[in-house]
Amino acid sequence: MSPAPLALIGFAAAAWLAIGAAGLIRPRSLRAVRTLFSLGSVLGVAIAVVACVALAGSPESAVLPLGLPDLPFHLRVDALSAFFLLLLGSATAAISLFSAGYFRSGSGTAPGLICFQYHAFVAAMVLVLIADDAYVFMVAWETMALASYFLVTTDHRIPEIRRAGFLYLLIAHVGAIAILLCFGVLQGGHGDYTFAAMRSITLPGWWGSAAFFLALTGFGAKAGVLPLHVWLPEAHPAAPSPVSALMSGVMLKTAIYGLLRVTFDLLGAQLWWWGAIALALGLVSALFGVIFAAAQTDMKRLLAYSSIENIGILVAAMGLVILFKTNAKPLLAAIALAALLYHALNHAMFKSLLFLATGSVLHATKERSLGKLGGLIHRMPWVAWLALAGTLASAGLPPLNGFVSEWLLLQAFLFTPTLPQSFINMLVPLAAAALVLAVALAGYVMVKFYGVIFLGRPREPSLAYAQDAGGFERAGLVALAAACVLLGIFPATVLAAIDHVTSLLVGSQASGGDTSWLLLAPLGAERSSYSPLIVLGAIVGAVLITIQLVHRMWHGRVRRAPAWDCGFPLQTPRMQDTAEGFGQPIRQVFEPFFRIERHLPSPFDAKPRYSVVASDHWWHWLYLPIARAAEAVARLFGLIQRGRISVYLTYSFVTLLALLLFVL
Amino acid sequence: MQALPLSSQLINLFASVLLLLAFAMLAQRRVVSLIGLFATQGLVLSLSTAVVAWSTSQPHLYESAGLTLLLKVIVLPWLLYRLVRKLDVRWEFEGLINIPTTMLIGIVLVVFSFNLALPISQLASTVTRSTLGIAMASVMLSFLMMITRRKAIPQVIGFLAMENGLFFAATSATYGMPMVVELGIALDVLVGMLILGVFFFQIREQFDSLDLKHLEKLKEGE
């Protein structure tokens, strides 16, 4: 290949920026914005293709003459960056296509400005992935945070949305400080902030652990790991749906990328107990996320909590990778890492798909609350059937992609008893059980999500006028649904690509040298194997046989009757099972996880209202005390605020005199 | 004790004039005269920089002397004068502290800065070393002037005079800052002046006065 992948990716990022800038020329013109988003989508495909090439190629680096004097931008593409670029390019391509039909002129930010912020956001993410020194990384990271902040606050006239945006920005900055400190530790006092220099030094003593935990905090804040997850359920519903898709599908993965980059690339050696802590944190996040998802009544909040769950699974997988790697089991480490990367890719696809589907539903019905939706499969068949693919994938059902990665991860879990740390060995079955519980509950959550929105009967009369999604939106959804299916059916091909990353990071290959594209058997076919094509064949066969049987035995008379009429002549759509009702068992079983405020009507109330708010303990345990403490300190400082310039000047004058006196 | 060379004598003379001017500004109540004193201070500063440039043959100091002349003797006083005429605030009746007390505090500050500068001057080898104390004293005096004045324009003049003192400190301690820094500071002062000019109009429009006590209302509520 004559043109280097790195240069092509750099050009693509620059072209994204140019597209964004072009959006500013006529910010209110929908036609222009539509064209620009379609162009952006083509660039996304281009990046994905180039990343595929770069994945197999050797690492390549470049120095850009940009940046400050004596501090140029270092860029580098290796297999790890290439894999995440592939994820970014493909997900962005579909989301951009959807966005071309989604953004309209409203009361919020003008479409052209959104176009600019959107493309600055994706370009900054590309730069994060190809950065090769801490300086570029932080610049790109902060650009990403700011661009996404402005995207989240698109409808900035609504106070809750401004509040959500502020919370997001706050936690993003807490995370950024931790990352900055992490790089400060990683450079080891040499003052050289290039990643190459960080790779070459080994940190003495506890400094390595300090760097790892700073990275876990910083990137965890961006990814939504407990207890820094609170921004996710606020920001995702606030943002326009394509932005939620981009943030959940792609931006959270850049945090996972950063964590992998620091842990396995920049830190030369890992310690096994880091893995144990990451594993525990990940599992707790996963369980917490899924349990809260089950209790939600807002469809985008539900998906946001589900993202916390998936990020938890990814972090748990990373913990497992560290455990295996430090105990010299490269094959198992490679399987866990492959499961991690595979799941990241899958999550990018199905979560983007689901968020975009909620966007279409939102546009058609102006309704986000699950309690007011229902029966949309008749009104919006395209969105409903495509969302079904995402729902099944998210629930982890074969033959879709979610199953493959979760299966791989469980394979890795099942082989942990070979570890030398005996108490880890004892706890690991528990961890595996927790993972399975989280995955099963995710299935429950997805049934709720899909069933309440698309099935049953419309709960509001206005839903009868819902329109199906337009051409661009359909195209974006079809692309993502196709990705979910293909990633599920050809896992061996994907694993072969992931092998480049695993051999870079843990020095082994997950596919175990088995190159059969039909059968997935990382540990040898005699121990366990999975062939999605056979499963697919079985499913299709079973469906066909059932259809045949039904047709044979069916009497042929069509009778139309009201659905769900179980002997009650008077019934309304309100009598259907609601989102609250469906989530009730979970809320009961996991009562201690929630902080529930229930409002029950009195028997004599003429207009009875029932409300239940399940909020987050962490908010009350961690965030409110910090906020109160900050306020108290601020009030102390308020005492010296006199409102008079001469008093302020006297403060600085006295400080100056004191400093001069003490220093000299 | 041997006689100092002519250049050193000149620099010492300018330094003492600078200090006197700082005291004069501290005592002056009329705004227009204050601007005149500020312009004179700029002129003295520019001359002393030129003398340092001549005696040490450092060509870049000539440039900064020219810059000082242009900016602090011509442009800024003219801007200030125009502002005063437009806003019609020629007089300032009272400061926060009366003038004699201010002068006494000023003397204490001068003693303090001389005392502070003594060990540094003994270490330095530049021809201008003896003037460091004066430079610091004029910074302090300008600061004091900012604190004691009540109206906005004298405060800004105090701020600009403080910058003069800093500039003098830089020339006397190290033969001037690098050209980039100097240009940057000059630009900062100019832009700051323009922005403050806009603020004056805004403040007066809001409160019908340039008295800064009105800004106390902007304090966060109890």
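The rules behind the values
- Residues numbered from 1 in each chain as written.
- Chains lettered and ligands numbered in written order.
- Predicted model: local features only at pLDDT ≥ 70, side-chain atom pairs only at ≥ 80, totals over all residues.
- Heavy atoms only, no water.
- Helix = DSSP H or I, 4+ residues; strand = E, 2+ residues; numbered from the N terminus.
- Rg over C-alpha atoms; globule rule 2.2 N^0.38 Å.
- Contact = heavy atoms within 4.5 Å.
- Areas by Shrake-Rupley, 256 points an atom, 1.4 Å probe, with all protein chains shown as cover.
- Phe/Tyr/Trp six-rings, centres within 6.5 Å; stacked < 30°, edge-to-face > 60°.
- Lys NZ or Arg CZ within 6 Å of the ring centre and 35° of its normal.
- 1 Å grid on protein atoms, 1.4 Å probe; cavity = no way out; pocket = protein on both sides within 12 Å on 5 of 7 lines; lining within 4 Å.
- Points joined across faces, edges and corners; volume = space filled by probe spheres on them.
- Domains from an automatic or database assignment.
- Buried area = accessible area lost by both parts, 1.4 Å probe.
- Salt bridge = Lys/Arg side-chain N within 4 Å of Asp/Glu carboxyl O.
- Polar contact = N/O pair within 3.5 Å; in protein donor to acceptor, adjacent residues only side chain to side chain.
- Nonpolar A, V, L, I, M, F, W, Y, C, P; charged D, E, K, R; others polar.
- Expected span 1.5 Å × (residues − 1).
- Buried < 20%, exposed > 50% of the residue type's maximum accessible area, 1.4 Å probe, protein only.
- Axes fitted to C-alpha atoms, helices over the stretch in contact; angles between N-to-C directions.
- Parallel < 35°, antiparallel > 145°, perpendicular 65-115°, else oblique.
- Left-handed = near helix turned anticlockwise from the far one by under 90°.
- Bend = angle between axes of the 7 residues up to and from the residue.

Caption draft 1: Spotlight on the overall build of chain A. Across its full length, chain A holds 23 helices and four strands. Here chain A has a C-alpha radius of gyration of 26 Å; the compact-globule value for 664 residues is 26 Å, and the two agree. When its C-alpha atoms are laid out on the principal axes, chain A stretches across 100 × 70 × 55 Å. Here the analysis covers contacts within chain A between residues at least 6 apart in sequence; of these, 79% occur between residues at least 24 apart. Put simply, chain A shows about 28100 Å² of open surface, and 69% of that area lies on carbon and sulfur atoms.

Caption draft 2: Focus on the overall build of chain B. A count of helical and extended segments in chain B gives seven helices and zero strands. The linear arrangement of helices and strands in chain B, starting from the amino end, is α-α-α-α-α-α-α. Long-range contacts, defined here as pairs at least 24 residues apart, represent 75% of the contacts in chain B between residues at least 6 apart. Surface summary for chain B: the accessible area is close to 11000 Å², and the carbon and sulfur share equals 67%.

Caption draft 3: Examining the packing of aromatic side chains more closely. In this structure the tally under the stated criterion is 30 aromatic pairs over all chains. Considering the side-chain rings of A:Tyr648 and A:Tyr651, the 6.3 Å spacing of their centres and the 40 degrees angle between planes classify their relative orientation as tilted. Of the two residues, A:Tyr648 and A:Tyr651 are both situated in helix α23 (residues 645-663); the distance of three residues between them amounts to about one turn of the helix. Taken together through their ring pairs, the aromatic side chains of A:Phe37, A:Phe98, A:Tyr102, A:Phe103 and A:Tyr118 make up a single cluster. Seen from the ring of A:Trp141, A:Lys222 lies directly overhead, with NZ or CZ sitting 5.5 Å from the centre. The cationic tip of B:Lys72 hangs over the ring face of B:Phe167; the distance from NZ or CZ to the ring centre is 4.7 Å.

Caption draft 4: Representation of empty space enclosed by the protein. All names here are of chain B. Inspection of the entire model under this criterion finds five cavities of 30 Å³ or more. Quantified by volume, the largest cavity comes out at close to 70 Å³. Broken down by secondary-structure element, the contributors of at least two residues to the lining of the largest cavity are α3 (59-87), α6 (152-174) and α7 (179-207). The element best represented in the lining of the largest cavity is α3, accounting for four residues.

Caption draft 5: Spotlight on the domain arrangement of chain A. Residue and element names in this part refer to chain A. You can read the domains of chain A as domain 1 (273-557) and domain 2 (590-600 + 609-663). The centre of domain 1, based on its C-alpha atoms, is set 41 Å off from the matching centre of domain 2. Domain 1 puts six residues into the contact, and the matching count from domain 2 is seven residues. Of the roughly 620 Å² buried between domain 1 and domain 2 on both sides combined, carbon and sulfur atoms contribute 85%. The largest contributions to the domain 1 side of the interface with domain 2 come from Phe 288, Ile 291 and Phe 292, which together make up 72% of the buried area. Summed over the shared surface of domain 1 and domain 2, the result is zero salt bridges. At the junction of domain 1 with domain 2, the criterion picks out zero residue pairs in polar contact (both at pLDDT 80 or more).

Caption draft 6: Local environment of the interface of chain A and chain B. Taken together, the contact pairs 15 residues of chain A with 16 residues of chain B. On the surface where chain A and chain B come into contact, there are zero salt bridges. Across the side of chain A that touches chain B, the residue classes tally to eight nonpolar, five polar and two charged.

Caption draft 7: Structural context of helix α13 (residues 330-365) of chain A. Residues and elements named next belong to chain A. Over its 36 residues, α13 runs 51 Å from end to end, which matches the ideal 52 Å to within 8%, given 1.5 Å per residue. Most of α13 sits out of view: 32 of its 36 residues are buried. Trailing α13 by a residue or two, Lys 366 shows a phi angle of about 60 degrees, which is positive.

Caption draft 8: The packing of helix α10 (residues 241-266) of chain A against α13(A), seen in detail. Residue and element names in this part refer to chain A. At a minimum axis distance of 6 Å, the contact between α10 and α13 shows a crossing angle of 165 degrees. By the angle between their axes, α10 is roughly antiparallel relative to α13. Between α10 and α13 lies a crossing of right-handed hand. Considered class by class, the residues forming the contact of α10 with α13 number 12 nonpolar, eight polar and two charged.

Caption draft 9: Quick look at the environment of A:Thr391. All names here are of chain A. The residue Thr 391 is located in helix α15 (residues 381-395) in this model. Classification of Thr 391 as buried rests on a relative accessible area of 5%. Between the C-alpha atoms of Thr 391 and Leu 354, which are 37 residues apart in sequence, the distance is 7.2 Å.

Caption draft 10: The layout of surface pockets, seen in detail. All names here are of chain A. Estimates place the volume of the largest pocket at around 1200 Å³. Contributing to the lining of the largest pocket are 39 residues, with Gln 296, Thr 297, Arg 301, Val 612 and Val 613 lying nearest its centre. Take the lining of the largest pocket: its biggest share by element is six residues, from strand β4 (residues 611-616). Here the residues of the lining of the largest pocket are counted per class, giving 17 nonpolar, 10 polar and 12 charged. Both domain 1 (273-557) and domain 2 (590-600 + 609-663) contribute no fewer than three residues apiece to the lining of the largest pocket.

Caption draft 11: Spotlight on the environment of A:Phe490. Relative to the assigned elements, A:Phe490 resides in the loop between α18 (471-489) and α19 (491-505). Residues A:Phe490 and A:Asn401, spaced 89 residues apart in sequence, show a C-alpha to C-alpha distance of 9.0 Å.

Caption draft 12: Structural context of helix α17 (residues 422-454) of chain A. Residue and element names in this part refer to chain A. In this model α17 runs 48 Å from its N-terminal to its C-terminal C-alpha over 33 residues, within 8% of the 48 Å that 1.5 Å per residue would give. Maximal helix bending in α17 amounts to about 30 degrees, located at Val 428; proline Pro 429 follows within four positions. Phi turns positive one or two residues past the end of α17, at Gly 456, with a value near 75 degrees.

Caption draft 13: How the structure looks around unusual backbone geometry. Residue and element names in this part refer to chain A. A cis amide bond, omega -5 degrees, links Leu 226 with the succeeding residue Pro 227. Relative to the helices and strands, Pro 227 is located in the loop between α8 (207-223) and α9 (231-238). With omega at 5 degrees, the peptide bond leading from Pro 398 into Pro 399 counts as cis. Mapping Pro 399 onto the fold places it in the loop between α15 and α16 (401-414).

Caption draft 14: Highlighting the side chain of A:Arg261. Residues and elements named next belong to chain A. Structurally, Arg 261 is set in helix α10. According to the relative accessible area criterion, Arg 261 is buried, its value standing at 4%. Within the structure, the side chain of Arg 261 is placed 2.9 Å from the side chain of Asp 78, a separation counted as a polar contact. Among residues more than four places away in sequence, those in contact with Arg 261 are Arg 76, Asp 78, Leu 80, Ser 81, Arg 199 and Leu 266.

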